[in-house]
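Notes for the structure review
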Amino acid sequence: MVVAAAMPTRKRTTKTTTDQPLGRPLWAEIDLDAVAHNIAQVRSRVGSSRMLAVVKANAYGHGAPAVARACLDAGATYLGVFCVDEGIQLRQAGIMAPVLVMGYCPPWEAMEIVRHGLTASVSNPETVAALAGAARDAGVRSPAHLKIDTGMARHGVLPNEVPQFVQLIQAMPDVHLEGAFTHFATADESDKTFTKRQFQAFQQAAQHLPDGVIRHVANSATCADMPDEMGLDMVRPGICLYGRQPSGNLLRPMDLHPALMLKSYVARLHHLAQGETVSYGRTWTAPRNTRVALIPCGYADGLPRLVTNQGCVLVHGQRAPIIGRVCMDSHMVDVTDIPHAQLHDEVVIIGRQGEAEITAEEIAALAGTINYEILCGITARVPRSYLRGGEVVERTTLVSGVPEGVPLPH
Ligand SMILES: *Cc1c(COP(=O)(O)O)cnc(C)c1O
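Quick caveat, the model's predicted, so the values are computed rather than measured. (Residues numbered from 1 in each chain as written. Predicted model: local features only at pLDDT ≥ 70, side-chain atom pairs only at ≥ 80, totals over all residues. Heavy atoms only, no water.)

Turning next to the overall build of the protein chain. In terms of regular secondary structure, the protein chain is built from 12 helices and 21 strands. Whereas a compact globule of 410 residues would reach a radius of gyration of roughly 22 Å, the protein chain reaches 24 Å, a difference of no more than 12%. If one aligns the C-alpha atoms of the protein chain with their principal axes, the spans along those axes are about 75 × 55 × 40 Å. Put simply, the protein chain shows about 17900 Å² of open surface, and 53% of that area lies on carbon and sulfur atoms. One way to put it: in the protein chain the 36 positive side-chain charges average out to a point 3 Å from where the 39 negative ones average out. (Helix = DSSP H or I, 4+ residues; strand = E, 2+ residues; numbered from the N terminus. Rg over C-alpha atoms; globule rule 2.2 N^0.38 Å. Areas by Shrake-Rupley, 256 points an atom, 1.4 Å probe, with all protein chains shown as cover. Lys, Arg positive; Asp, Glu negative; His and termini not counted. Charge placed at Lys NZ, Arg CZ, Asp CG, Glu CD.)

Dropping the structure here:
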């Protein structure tokens, strides 16, 4: 639990529901109990398969260290990141569990991989050789997972290259072929034909793996729809840990709890007369005398500019339409029909308030994208507050980890 001394909680005198961090009028609340619930849902589908929790991209915008710890507490035994830096971030946060770097590991990253005890995914001889060299120098045996490309046409060796590649790895005593995996292109569609074809190609290639190698193929959609056939030795859920469905097309969606809310507050209330305009480009003209609230959340925080004149936020449990262009750091909403709205009232941008809810999926639809991109798009300057039993147990901000007592310019 890390509540940095440099970030005191503002004792608020207004009626915002949660104590918010200083330094930024916008914050994300991540319910770690929801993450635990979602892990339990995956567990109930996949039986005894081991669980690698995918926490790449800052845990889909939720904050990797805190979410990784919650996943490990709830029964995950492996963590998955995309790149070496993301792995190092977990180590620097004191997390000792195995971490698979699922993205491309170039040979020149081998030393950092070994030094931080990460697991490389390998798909070319150059990286295997570099890993062996780095492991030998460090006097350790470095684990590696073989990535097989069965149809995604992204990372990996082709199935027919697997026998030769396995021989190559086995000729290197300093590298331990611990696992092998592939990734599905259409697992979240209702037609499973291509997924089954990819799975078959993987299983055929896997015949050339030595005994005991951990085989894993299942993303969230596969954990939901095909856990019995495709759970294998380990599963790799991502989006479902955060309480979101991978698509609207699953055959057996899990019962998930969204883990993240994005909140802000009213930073100004003012009036526009009929015919006056708002924001850059003057794309919205008041059709009537309008009460406008300024919300300090913009596209540099992750609210897509594409929701201009389309999206809503929640104020007093009611929808307030976004009017005018979303700016880098703020946007404006129409609160004419929410007469109780006051300065500093809490605003929900993603999540529930009273009976109303705005989902990441709703924002994604307006912006022409998927829920994944909305969550990953919540940027580093947005503080994250982590909750257990409804209480904040940890908080991170852009300046977390900056020591107190740094010199100031006066
Ligand atoms: C991102 C990713 C996952 C998780 O996918 P979800 O759809 O979020 O469950 C699993 N495996 C690999 C290799 C990935 O890149």
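For the rest of this paragraph, the subject is the packing of aromatic side chains. In this structure the tally under the stated criterion is two aromatic pairs. Ring centres 4.7 Å apart and planes at 25° place the aromatic pair Tyr-60 and Tyr-242 in the stacked group. Of this pair, Tyr-60 sits in helix H2 (residues 56–60) while Tyr-242 sits in the loop between strand S9 (234–235) and strand S10 (260–265), and the two are 182 residues apart along the sequence. Comparing Tyr-60 with Tyr-242 shows no difference in burial state: the two are buried. An aromatic cluster is built from Tyr-60, Tyr-242 and Tyr-372, whose rings are joined through pairwise contacts. (Phe/Tyr/Trp six-rings, centres within 6.5 Å; stacked < 30°, edge-to-face > 60°. Buried < 20%, exposed > 50% of the residue type's maximum accessible area, 1.4 Å probe, protein only.)

Quick look at the site of the ligand now. By nearness alone, 13 residues border the ligand, and Lys-56, Tyr-60, Ser-220, Ile-239 and Tyr-372 come closest of all. Here an oxygen atom of the ligand and a backbone polar atom of Gly-238 are 2.9 Å apart. Interatomic distance of 2.8 Å between a backbone N/O atom of Ile-239 and an oxygen atom of the ligand. Bound to the protein, the ligand loses 93% of the 380 Å² it would expose on its own. (Near = heavy atom within 4 Å. Polar contact = N/O pair within 3.5 Å; in protein donor to acceptor, adjacent residues only side chain to side chain.)

Membership of the largest hydrophobic core comes to 121 residues, with the highest contact counts inside it found for Leu-146, Leu-262 and Ile-349. Not counting the four nearest positions on each side in its chain, Ile-349 is found in contact with Leu-26, Leu-262, Ser-264, Ile-295, Cys-297, Leu-303, Val-313, Ile-358 and Ile-363. Membership of the second largest hydrophobic core comes to seven residues, among which are Leu-272, Ala-286, Val-292 and Met-332. (Core = buried A, V, L, I, M, F, W, Y, C linked by side-chain atoms within 4.5 Å. Contact = heavy atoms within 4.5 Å.)

This next bit is on the state of the cysteines. All chains considered together, the criterion is met by zero disulfides. Free of any disulfide, Cys-297 has its nearest neighbouring cysteine sulfur in Cys-327, separated by 11 Å. (Disulfide = S-S within 2.5 Å.)

Time to look at helix H8 (residues 193–206). Given a rise of 1.5 Å per residue, 14 residues ought to cover 20 Å, and the 20 Å separating the end C-alpha atoms of H8 matches this to within 8%. Taken residue by residue, H8 has Thr-195, Gln-198, Phe-199, Ala-201, Phe-202, Ala-205 and Ala-206 as its buried positions. Projected down its long axis, H8 shows its buried positions confined to an angular sector of 160°, all on one face. Counted as exposed and oriented over 90 degrees from the buried face of H8: Arg-197 and Gln-200. Check the buried side of H8 and you find it contacts helix H7 (162–170), strand S7 (175–181), strand S8 (214–218) and helix H10 (227–230). (Expected span 1.5 Å × (residues − 1). Arc of directions from axis to C-beta.)

This next bit is on helix H6 (residues 125–138). Because an α-helix completes one turn every 3.6 residues, residues spaced three or four positions apart along the sequence face the same direction. Under the 1.5 Å per step criterion, the end-to-end length of H6 is 20 Å for 14 residues, consistent within 8% with the ideal 20 Å. Those residues of H6 that sit buried are Thr-127, Val-128, Leu-131, Ala-132, Gly-133, Ala-134 and Ala-135. Directly after H6, the chain includes Gly-139, whose backbone phi takes a positive value near 70°.

So, about a nonpolar patch on the surface. Together, Leu-398, Val-399, Val-402, Val-406 and Leu-408 make up a nonpolar patch on the protein surface, roughly 460 Å² of accessible area in all. Tracing the backbone through its elements, the reader meets Leu-408 in the segment after strand S21 (391–396). (Patch = residues over 30% accessible without salt bridge, like charges linked within 9 Å, V, L, I, M, F, W, Y side chains within 5 Å. Salt bridge = Lys/Arg side-chain N within 4 Å of Asp/Glu carboxyl O.)

A separate point is the confidence of the model for the protein chain. Per-residue confidence for the protein chain averages 94 on the pLDDT scale, and 94% of its residues sit at or above 70. When mean pLDDT is compared element by element in the protein chain, strand S2 (residues 50–54) scores highest at 99, while S21 scores lowest at 94. Scored below 50 in pLDDT, residues 1–17 shows 28 contacts in the model against residues more than four places distant or in partner chains. (pLDDT = per-residue confidence, 0-100.)

For the rest of this paragraph, the subject is the side chain of Gln-198. Tracing the sequence through the fold places Gln-198 in helix H8. With sequence-adjacent residues up to four places away left out, Gln-198 is seen in contact with Thr-150, Gly-151, Met-152, His-183, Phe-184 and Ala-185.

Reading around the circumference, S2-S3-S4-S5-S6-S7-S8-S9 is the order of the eight strands in this closed barrel, with parallel pairing throughout. Pairing geometry for strand S3 (residues 78–81) and strand S4 (residues 99–101), over three bridges, is parallel. When the sheet's bridge partners are listed, Val-81 is paired in S4 with Val-101. (Pairing = 2+ DSSP bridges.)

Take the pattern of salt bridges next. Applying the stated criterion to the full structure yields 16 salt bridges. Asp-337 is the partner of Arg-288 in a salt bridge, and the nearest nitrogen-oxygen pair spans 3.3 Å. Separated by 49 residues along the polypeptide, Arg-288 in the loop between strand S13 (284–285) and strand S14 (290–295) and Asp-337 in the loop between strand S17 (331–334) and strand S18 (346–353) bring together distant segments of the chain. Residue Arg-288 is classed as partly exposed on the basis of its relative accessible area of 33%. Ionic pairing is found between Arg-381 and Asp-329, a salt bridge with its closest N-O pair at 2.7 Å. Of the two residues, Arg-381 sits in the loop between helix H12 (371–376) and strand S20 (384–388) while Asp-329 sits in the loop between strand S16 (318–323) and S17, which places them 52 residues apart along the sequence. Here the salt bridges do not stand alone but share partners, grouping Arg-24, Asp-301, Asp-329 and Arg-381 into one network.

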